[in-house]
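Each chain, letter by letter, is given below.
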Amino acid sequence: MLLQRSVLVLVAVHSALASDAALQPQKIVLSSRIAPTPSALKRRQLSQANVPLEDFFKGTDLQWFGNISVGTPPQDITVVFDTGSSSLEFSSTLCNSCRNAAPKFDPSRSSTFVDGGRTSSITFGTGVGVDPVVGDNYQLTLRSGTDTVTVGGLKSTNVPLFLITDQTPTFNIDPFSGIQGMGARASGFFASLIAQGLPSLFGLFLTPLSVGNAELTIGGVDSSKFSGPLTFASLPGRGSSAWTLTSTGVSVNGRTTSTLSTSRSLIFDSGTSNMIFNTATTEAIYALISPDIKPNSAEPGTYGIACNRISSLPAKIDITFTAQTGRPFNLTIPSSELSVGPFANDPSLCQTLINAVDNFQIVGASLLKHYYSVWDVGNQRLGFAAI
Ligand SMILES: *[C@@H]1O[C@H](CO)[C@@H](O)[C@H](O)[C@H]1NC(C)=O
Ligand SMILES: *[C@@H]1O[C@H](CO)[C@@H](O)[C@H](O)[C@H]1NC(C)=O
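Remember, predicted model here, so these are calculated numbers, not experimental data.

Conventions we followed
- Residues numbered from 1 in each chain as written.
- Chains lettered and ligands numbered in written order.
- Predicted model: local features only at pLDDT ≥ 70, side-chain atom pairs only at ≥ 80, totals over all residues.
- Heavy atoms only, no water.
- Near = heavy atom within 4 Å.
- Polar contact = N/O pair within 3.5 Å; in protein donor to acceptor, adjacent residues only side chain to side chain.
- Areas by Shrake-Rupley, 256 points an atom, 1.4 Å probe, with all protein chains shown as cover.
- Core = buried A, V, L, I, M, F, W, Y, C linked by side-chain atoms within 4.5 Å.
- Buried < 20%, exposed > 50% of the residue type's maximum accessible area, 1.4 Å probe, protein only.
- Contact = heavy atoms within 4.5 Å.
- Disulfide = S-S within 2.5 Å.
- Helix = DSSP H or I, 4+ residues; strand = E, 2+ residues; numbered from the N terminus.
- UniProt positions renumbered as here; feature names shortened; annotations may be inferred.
- Nonpolar A, V, L, I, M, F, W, Y, C, P; charged D, E, K, R; others polar.
- Pairing = 2+ DSSP bridges.
- Axes fitted to C-alpha atoms, helices over the stretch in contact; angles between N-to-C directions.

## Details of the site of ligand 2
Phase 1: The full set of residues close to ligand 2 is S251, G254, D318, P328 and N330.
Phase 2: Here an oxygen atom of ligand 2 sits 2.8 Å away from a polar atom, N or O, in the side chain of D318.
Phase 3: Contacts to ligand 2 include N330, whose side-chain N or O atom sits 2.3 Å from an oxygen atom.
Phase 4: Coverage of ligand 2 by the protein amounts to 49% of the 360 Å² it exposes when considered alone.

Okay, structure coming up:
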């Protein structure tokens, strides 16, 4: 769910919203605060907490979501913990177009809810599933507010949030109520917990459905979920809320090309189901897998090949990064991820995992589900361990 841009509907908006032309996540910075640096004078430490996650599976793993509670008394809702955005928004009883089968928050039943009075809308650059974003087809209309938010039993008060008051029909298939942004600058409930002494990192275990036990750990790492060492790489240090690493090159089945062996910025987004590369990179990767992988003009940006051929194609994609130690390391997408299932317009044609988009490049769940990942806000680094 890369937050592509946010569009102001009514007045009274933070100035950061005005610069929304840039195709970067983190535009709803009115709700974000920079994580305070840990202080030795903290009176107490909060301990890490685990939040079990459920896999939204429709033939392939799409998104992982878990419970949080909002308000007083607490109302349980479900959210995707989305490293590609930075704010908390969820469906509310104010939303007539929210047709998804997920709990809606009723602000009139919460004694701690404070209406912020601002209306805005946000448009996501990637949606749920693998279908491309066309125009504004992933758009939410929001009303600002604050309330108490509890995640994994850890409570924060006066958390900035947004009630969804209108949504495009693309969201109606979601089995969850909303999205909790988990950008590289702590915001919302996470910033509040860090201020209360929680360590400023979280771990994600986004497993395939067949493996199960998916989990978010806030304030730490669940070392029972992986065996090998963690390899860390530093964010480029632009102070952005995007979880970006610089890749030095991409190989497919052990081969590379001049297009693929160049340096590129990749955004790590737990809210994007698959992979997004620019068109030249996408086509260079597919050319090394099969010349018969072709664009599907019915869905711009997508590619596919006959379903009866796809499972036999080797398609191991190694993406190379540089660890904090200076050594190169690969994150690898196995061949089993190549197919993301049949296209709606032609079920004999199976969609392949990379969508072409020319203004940002994203590593999504196709890769993340093969690693335990550590999102270290305090040290501005990402860590990976084989599972
Ligand atoms: C969320 O809470 C509900 C109700 O307690 C429970 O049935 C469900 O399994 C929980 N979901 C997850 C992902 O933990
Ligand atoms: C990364 O993958 C490429 C292509 O398979 C391989 O040549 C290279 O040795 C790998 N690098 C590391 C550090 O494993």
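Don't stop here, the text continues.
## Here we look at the nonpolar core
Phase 1: With 79 residues, the main nonpolar core has F202, I218, F268 and I319 as its most contacted residues.
Phase 2: Residues contacting I319, with those up to four places away along its chain left out, are S247, G249, V250, L266, M275, F277, F329, N330, L331, I333 and L367.
Phase 3: Of all hydrophobic cores here, the second largest spans twelve residues; its members include I122, L140, F162 and I179.

## Overview of the state of the cysteines
Structurally, a disulfide amounts to a covalent bond that connects the sulfur atoms of two cysteines.
Phase 1: Under the definition given, this model contains two disulfides.
Phase 2: Note on cysteine connectivity: C307 is disulfide-linked to C350, with sulfurs 2.1 Å apart. Because the torsion about its S-S bond is 100 degrees, the bridge between C307 and C350 counts as right-handed. Taken as a pair, C307 in helix 3 (residues 307-310) and C350 in strand 22 (residues 349-352) lie far apart in primary sequence, 43 residues in all.

## Side note on the environment of I77
Phase 1: With respect to the helices and strands, I77 occurs in strand 5 (residues 75-82).
Phase 2: Residues I77 and G66, spaced eleven residues apart in sequence, show a C-alpha to C-alpha distance of 8.3 Å.
Phase 3: Among residues more than four places away in sequence, those in contact with I77 are G66, N67, I68, V70, F90, P103, F105 and S177.

## What about the UniProt feature "active site" (unreviewed entry) in the protein?
Phase 1: Mapped onto this structure's residue numbering, the UniProt feature "active site" (unreviewed entry) falls at D82 and D269. Spanning 188 residues, the named residues nonetheless gather at one spot, since no C-alpha pair among them exceeds 6.7 Å.
Phase 2: Structurally, the position occupied by D82 is in strand 5.
Phase 3: Taking the relative accessible area as the measure of exposure, D82 reaches 0% and is therefore buried.
Phase 4: Setting aside anything within four residues of it in sequence, one finds D82 in contact with M1, I179, Q180, G181, M182, D269, S270 and G271.
Phase 5: Following the sequence through the fold, D269 ends up in the loop between strand 15 (264-268) and strand 16 (275-277).
Phase 6: For D269, a relative accessible area of 0% gives the class buried.

## Considering the environment of I194
Phase 1: Structurally, I194 can be placed in helix 1 (residues 188-195).
Phase 2: Here I194 falls in the buried class, since its relative accessible area comes to 6%.
Phase 3: C-alpha of I194 to C-alpha of S156: the two residues are 38 residues apart in sequence and 10.0 Å apart in space.

## Digging into the site of ligand 1
Phase 1: The environment of ligand 1 is formed by P52, E54, F65 and N67.
Phase 2: The separation between an oxygen atom of ligand 1 and a polar side-chain atom of N67 is 2.2 Å.
Phase 3: Protein burial of ligand 1: of its 360 Å² of free accessible surface, 44% is covered by the chains.
Phase 4: Grouping the amino acids of the shell around ligand 1 by side-chain chemistry returns two nonpolar, one polar and one charged.

## Looking at the pairing of strand 6 (residues 88-91)
Residues in a regular strand point their side chains to alternate faces of the sheet.
Phase 1: Burial along strand 6 is two-sided: the residues L88 and F90 and E89 and S91 are all buried.
Phase 2: Relative to strand 9 (residues 154-167), strand 6 runs parallel, the two being bridged by three bridges. Its bridge partner being in strand 9, F90 is matched across the sheet by L163.

## Regarding the sheet that holds strand 19 (residues 317-322)
Phase 1: If you walk across this open sheet you meet the seven strands as 20-19-14-15-24-16-23, and the pairing is mixed. Edge positions in the sheet fall to strand 20 (328-333) and strand 23 (354-356), since each of these pairs with one other strand and no more.
Phase 2: Alignment of strand 14 (residues 244-252) against strand 15, held across four bridges, turns out to be antiparallel. Within strand 15, the residue paired with T246 across the bridge is S265.
Phase 3: The sheet strands contacting helix 2 (residues 279-289) are strand 14, strand 15, strand 16, strand 19 and strand 23, and the helix crosses strand 23 at an angle near 140 degrees.

## So, the pairing of strand 25 (residues 371-376)
Phase 1: Within strand 25, six of the six residues are buried, which leaves the element mostly enclosed by the surrounding structure.
Phase 2: Along strand 25, one buried face is formed by Y371, S373 and W375 and the opposite face, lined by Y372, V374 and D376, is buried too.
Phase 3: Pairing geometry for strand 25 and strand 26 (residues 381-386), over six bridges, is antiparallel. From the neighbouring strand, Y372 faces strand 26, where its bridge partner is A385.

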